[in-house]
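Residue-level structural notes
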Amino acid sequence: LLAQVLPRCQSYCLNVDELNAANIAPRKCNEANRLRAGRLQMCPGTPILVDETTLDAGELKEQGVRNLHTLSRLATEQVISYDFQFYQLDWQVDLPVLITTGNRKPLVDGSDVCVPAVRQDGPEPPLPPLSSQAVEALRVFVETVRGTVDPAKFEIPDALCEQIEADFVRERQKDKSLDQQHLHSRLNLARLWARSHGRGALDQAGWSQVLSLEAERRKRAEQAADSAGR
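Residues numbered from 1 in each chain as written. Predicted model: local features only at pLDDT ≥ 70, side-chain atom pairs only at ≥ 80, totals over all residues. Heavy atoms only, no water.

**Quick notes on the overall build of the protein**
Helix and strand counts for the protein stand at seven helices and seven strands. The N-to-C order of helical and strand elements in the protein reads α-β-α-β-β-β-α-β-β-β-α-α-α-α. In terms of its C-alpha atoms, the protein occupies a principal-axis envelope of roughly 55 × 45 × 45 Å. For the protein, the residues scored as buried account for 30% of the 230 residues in total. Put simply, the protein shows about 15200 Å² of open surface, and 53% of that area lies on carbon and sulfur atoms. Of the charged side chains in the protein, 28 are positive and 32 negative, and the gap between their average positions amounts to 1 Å. (Helix = DSSP H or I, 4+ residues; strand = E, 2+ residues; numbered from the N terminus. Buried < 20%, exposed > 50% of the residue type's maximum accessible area, 1.4 Å probe, protein only. Areas by Shrake-Rupley, 256 points an atom, 1.4 Å probe, with all protein chains shown as cover. Lys, Arg positive; Asp, Glu negative; His and termini not counted. Charge placed at Lys NZ, Arg CZ, Asp CG, Glu CD.)

**A short note on the nonpolar core**
Core analysis: the largest hydrophobic core is formed by 18 residues, its most contacted members being Leu14, Leu71 and Ile80. Taken together, the elements giving at least two residues each to this core come down to β4 (48-51), α3 (62-77) and β5 (79-83). With three residues, the single largest contributor to this core is α3. Ignoring anything within four residues of it in the chain, the contact list for leucine 71 reads Tyr12, Leu14, Ile24, Leu40 and Val108. If you look at the next biggest cluster of nonpolar residues, it comprises 13 residues, including Leu178, Leu183, Leu189 and Trp207. (Core = buried A, V, L, I, M, F, W, Y, C linked by side-chain atoms within 4.5 Å. Contact = heavy atoms within 4.5 Å.)

**A few points about the environment of glycine 64**
Structurally, glycine 64 is set in helix α3. Expressed as a C-alpha distance, the spacing of glycine 64 and glutamate 18, which sit 46 residues apart in the sequence, is 8.0 Å. Discounting chain neighbours no more than four positions away, the residues touching glycine 64 are Leu19 and Asn20.

**Observations concerning the pairing of β4**
Sheet topology places strand β1 (residues 10-13) next to β4; four bridges connect them, and they run parallel. The residue of β4 that forms the bridge with tyrosine 12 is valine 50. With four bridges connecting them, β4 and strand β7 (residues 97-100) associate as parallel partners. Along β7, the bridge assignment pairs aspartate 51 with threonine 100. (Pairing = 2+ DSSP bridges.)

**Looking at the sheet that holds β4**
Spatially, β1-β4-β7 is the arrangement adopted by the three strands of the open sheet, whose pairing is parallel. With partners counted over all chains shown, the strands left at the sheet margins are β1 and β7, one partner each. Direction aside, the axes of adjacent strands within the sheet are offset by 20 degrees on average. (Axes fitted to C-alpha atoms, helices over the stretch in contact; angles between N-to-C directions.)

**As for the packing of aromatic side chains**
Applying the stated criterion across every chain, the model contains two aromatic pairs. The interplanar angle of 35 degrees and the centroid separation of 5.7 Å between the aromatic rings of tyrosine 82 and tryptophan 91 together place this pair among those described as tilted. A residue is classified by how much of its surface remains accessible, and tyrosine 82, at 12% relative accessible area, is buried. We classify tryptophan 91 as partly exposed; its relative accessible area is 47%. The interplanar angle of 5 degrees and the centroid separation of 5.1 Å between the aromatic rings of phenylalanine 84 and tyrosine 87 together place this pair among those described as stacked. Given the relative accessible area of 19%, phenylalanine 84 is considered buried. Relative accessible area serves as the criterion here: at 49%, tyrosine 87 is assigned to the partly exposed category. (Phe/Tyr/Trp six-rings, centres within 6.5 Å; stacked < 30°, edge-to-face > 60°.)

**A closer look at the pattern of salt bridges**
Scanning the entire structure with this criterion turns up eleven salt bridges. Note that arginine 39 is salt-bridged to glutamate 18, the shortest N-O span being 2.2 Å. Separated by 21 residues along the polypeptide, arginine 39 in the loop between β3 (34-36) and β4 and glutamate 18 in helix α2 (residues 16-21) bring together distant segments of the chain. Here glutamate 18 falls in the partly exposed class, since its relative accessible area comes to 30%. Residues arginine 66 and glutamate 62 are paired through a salt bridge, measuring 3.4 Å at the closest nitrogen-oxygen approach. Here arginine 66 pairs with glutamate 62, and both are found in helix α3, just four residues apart, close to one helical turn. (Salt bridge = Lys/Arg side-chain N within 4 Å of Asp/Glu carboxyl O.)

Printed below as a string of structure tokens:
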């Protein structure tokens, strides 16, 4: 689906041998006096689908652990650390990350949204192919959103900021597991929600919609956790 709709996308099926083999971030070769491209050196705006379901049993060595850390930083900070051997240089990137996993918690940590898959009894029917009109409409939507809404100029009115903070404090009093990362994730979701609606600012209706979606997601996650514990 991503390959149909987006001008470019990249899948990364994790396996132990590949993670241990080479640095996935760009690395300076002093002998050749040039920077060798890593797997994560891509065009801006390229979504990366990280598939953890292909990860087989084995021992991750130092290089493998470093690569997982690189993927986690990419997911959380949109940063890739270029290796110049004698020093590291952080490089800001635009590479959205989507992770699929069979674990209760992804190995590549840092997802803003974790949505459990809903299991169905019996074999799942194949998804019907999208019509050419639907594919074209989705392409226009994606390009319009990315081309017309500047994420650097996203705004939240002061009054709404105060309300968001007050709501979070009240919710945190009821649920001690909530921390600043949860608030950061919600604000990031609010920004993405607004962008997907062609807006450069968040309003009360938009924030209410984000909270409703997040409440539905958390309920689904709790149901999945209860099912797994049975």
